[in-house]
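Breakdown of the fold
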Amino acid sequence: MGVSEELFDRAQMVMPGGVNSPVRAYRAVNMAPRFIARADGAYVYDEDGRRYIDYVCSWGPMILGHNHPAIREAVERAARDGLSFGAPTRREVEIAELIVDCVPNIEMVRMVNSGTEAVMSAIRLARGVTGRDDLIKFAGCYHGHSDSLLVNAGSSALAGGCPSSAGVPEDIAKHTLTARFNDLESVEELFRAHEGTVAAVIVEPVAANMGVVGPAEGFLEGLRALCDKYGALLIFDEVITGFRLSLGGAQEYYGVRADIVTFGKIIGGGMPVGAYCSSRQFMELVAPCGPVYQAGTLSGNPVAMAAGLAQLRYLRDHSGIYEQLDGRAARLAAGMRASAAEHGVPVAINRVGSLLSPFFVPTEVTTFTDAKGSDTARYARYFANMLKRGVALAPAQFEAMFVSEAHTDEIIDETIAVVDASFAEL
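Since we're looking at a predicted model, the values are computed, not measured. (Residues numbered from 1 in each chain as written. Predicted model: local features only at pLDDT ≥ 70, side-chain atom pairs only at ≥ 80, totals over all residues. Heavy atoms only, no water.)

**Things to note about the overall build of the protein chain**
When its secondary structure is counted, the protein chain shows 15 helices and 14 strands. Relative to its length of 426 residues, the protein chain is compact, with a C-alpha radius of gyration of 21 Å against a globular reference of 22 Å. Taken over the C-alpha atoms alone, the protein chain extends approximately 55 × 55 × 45 Å along its principal axes. Counting every position in the protein chain, which comprises 426 residues, the buried fraction comes to 56%. (Helix = DSSP H or I, 4+ residues; strand = E, 2+ residues; numbered from the N terminus. Rg over C-alpha atoms; globule rule 2.2 N^0.38 Å. Buried < 20%, exposed > 50% of the residue type's maximum accessible area, 1.4 Å probe, protein only.)

Below is the structure:
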């Protein structure tokens, strides 16, 4: 038994499932999880000393790779001044100014501590703005674990066979209406059936918790038009796409305006951070200016703000980084497709920018229904094949692979060779 297995045995005695977040338990791939000791660049190292090329990237925020020196040094400097003050700091102002400068259609920012908290607060704001209660979301899209959003959720809730959750009162869940991703008619049907009660439509502009599924042509534009038609707000959940698809996120990438935008840990360099952003008109309804209450002692934590400033400034100042990430992800996707064809493996490789995922299906994947058709048992075998050869993927079919700046062309080529060997065994 290795060190990771020993730690997992101990962990199961003191933590539910031995983990502090469900997908880490590796149940979808029928394995014991690897316990990570450290990370650097494109690599993570487990407690047994094994090295893996990492495409989890802490679920996305490590866009510059792990332990980037600019971020590490910023954190070390900030930590010397203290870990938490519960008071305003200069860095909060600077990072809010930077986000406003980079992201279209926003004027004010409220920092929180996670993507879940950001989305929960954005929905409260939308309800406060409109005076309405209902929310439209999409089956297979995951927006965190707040009560009103654990309805037909994706990500680890989907992989665990539990797309909803016990403990969510029906009186809350009834206000969450579920449409089909990439199906505008299903959205308008809900608007018609609940006319005058829908506060907002919330969407991952690129669905990345049913695997990676991009928006169909005209889908996001259609959501904008429907929200305008029925007097609802459009919320872009950019916890994954924000600052990853482009410096301005999905709004810039697709040229579609959202009313409220949420971000996650990418704006903290991987530390526990989130934010929700909107116009001055809407954000000044948030306490202490207005009646929409939200607070947090650790919001704007000085160490997290230092990490986030370092990462966002790097992304702003290196104008070619998004083209580089896109090119490397495209190279990886092309190599995976070629290998699948050579070995006769039925697989669809979806990619949007530096996000990609394989689906073990013989047809294209453009909807949640398509994604659910993926052969999860085959994915589990593929995952094990990759892991034993030194490549770490998400331990569930319905997650994204993330390419970082640290994934050089040489590392991408090495990964393609591992994919080829893994496909050969399927």
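**Focus on the sheet that holds strand 12 (residues 355-359)**
Sheet architecture is open: three strands sit in the order 11-12-14, paired in antiparallel fashion. Only two strands of the sheet have a single partner each, and these edge strands are strand 11 (348-352) and strand 14 (401-402). Relative to strand 14, strand 12 runs antiparallel, the two sharing two bridges. Pairing of Leu355 across the sheet is with Phe402, part of strand 14. (Pairing = 2+ DSSP bridges.)

**Here's the deal with unusual backbone geometry**
In this model, Ala287 is joined to Pro288 through a cis peptide bond whose omega is 10°. Phi at Asn30 takes a positive value of approximately 55°, unusual for a residue other than glycine. In this structure Asn30 comes out as exposed when scored by relative accessible area, which is 67%. Phi is positive for Asn105, close to 70°, though the residue is something other than glycine.

**Some words on the packing of aromatic side chains**
Evaluated as defined, the whole model comprises 13 aromatic pairs. The rings of Phe360, Tyr379, Tyr382 and Phe423 are connected pair by pair, giving a single aromatic cluster. Note that Arg38 overlies the ring of Tyr45, its terminal NZ or CZ placed 3.8 Å from the centroid. (Phe/Tyr/Trp six-rings, centres within 6.5 Å; stacked < 30°, edge-to-face > 60°. Lys NZ or Arg CZ within 6 Å of the ring centre and 35° of its normal.)

**Considerations on helix 1 (residues 3-14)**
Its 12 residues give helix 1 an end-to-end C-alpha distance of 17 Å, which sits within 8% of 16 Å, the value for a rise of 1.5 Å per residue. Within helix 1, burial applies to Ser4, Phe8 and Ala11. When helix 1 is viewed along its axis, its buried side chains cluster within an angular range of 65° and face the same direction. Exposed residues lying more than 90 degrees from the buried face of helix 1 are Arg10, Met13 and Val14. Of the surrounding elements, those touching the buried residues of helix 1 are strand 2 (43-46). (Expected span 1.5 Å × (residues − 1). Arc of directions from axis to C-beta. Contact = heavy atoms within 4.5 Å.)

**Section: the layout of surface pockets**
In this model, the second largest pocket occupies a volume close to 560 Å³. Taken together, 25 residues make up the lining of the second largest pocket; nearest its centre are Pro88, Glu92, Val109, Arg110 and Met111. If you list the elements that add at least two residues to the lining of the second largest pocket, you get helix 3 (90-102) and strand 4 (108-112). It is helix 3 that provides the largest number of residues to the lining of the second largest pocket, a total of five residues. Grouping the constituent residues of the lining of the second largest pocket by class yields 12 nonpolar, nine polar and four charged. (1 Å grid on protein atoms, 1.4 Å probe; cavity = no way out; pocket = protein on both sides within 12 Å on 5 of 7 lines; lining within 4 Å. Points joined across faces, edges and corners; volume = space filled by probe spheres on them. Nonpolar A, V, L, I, M, F, W, Y, C, P; charged D, E, K, R; others polar.)

**So, empty space enclosed by the protein**
Under the counting rule described, the total for this entry stands at one cavity of 30 Å³ or more. Approximately 50 Å³ is the volume attributed to the largest cavity.

**Things to note about helix 4 (residues 115-130)**
For helix 4, spanning 16 residues, the distance from its first C-alpha to its last is 23 Å, which sits close to the expected 22 Å at 1.5 Å a residue. Among all positions in helix 4, only Gly115, Thr116, Glu117, Ala118, Val119, Ser121, Ala122, Ile123, Leu125 and Ala126 are buried. Phi for Gly131, located one or two positions after helix 4, is positive at around 70°.

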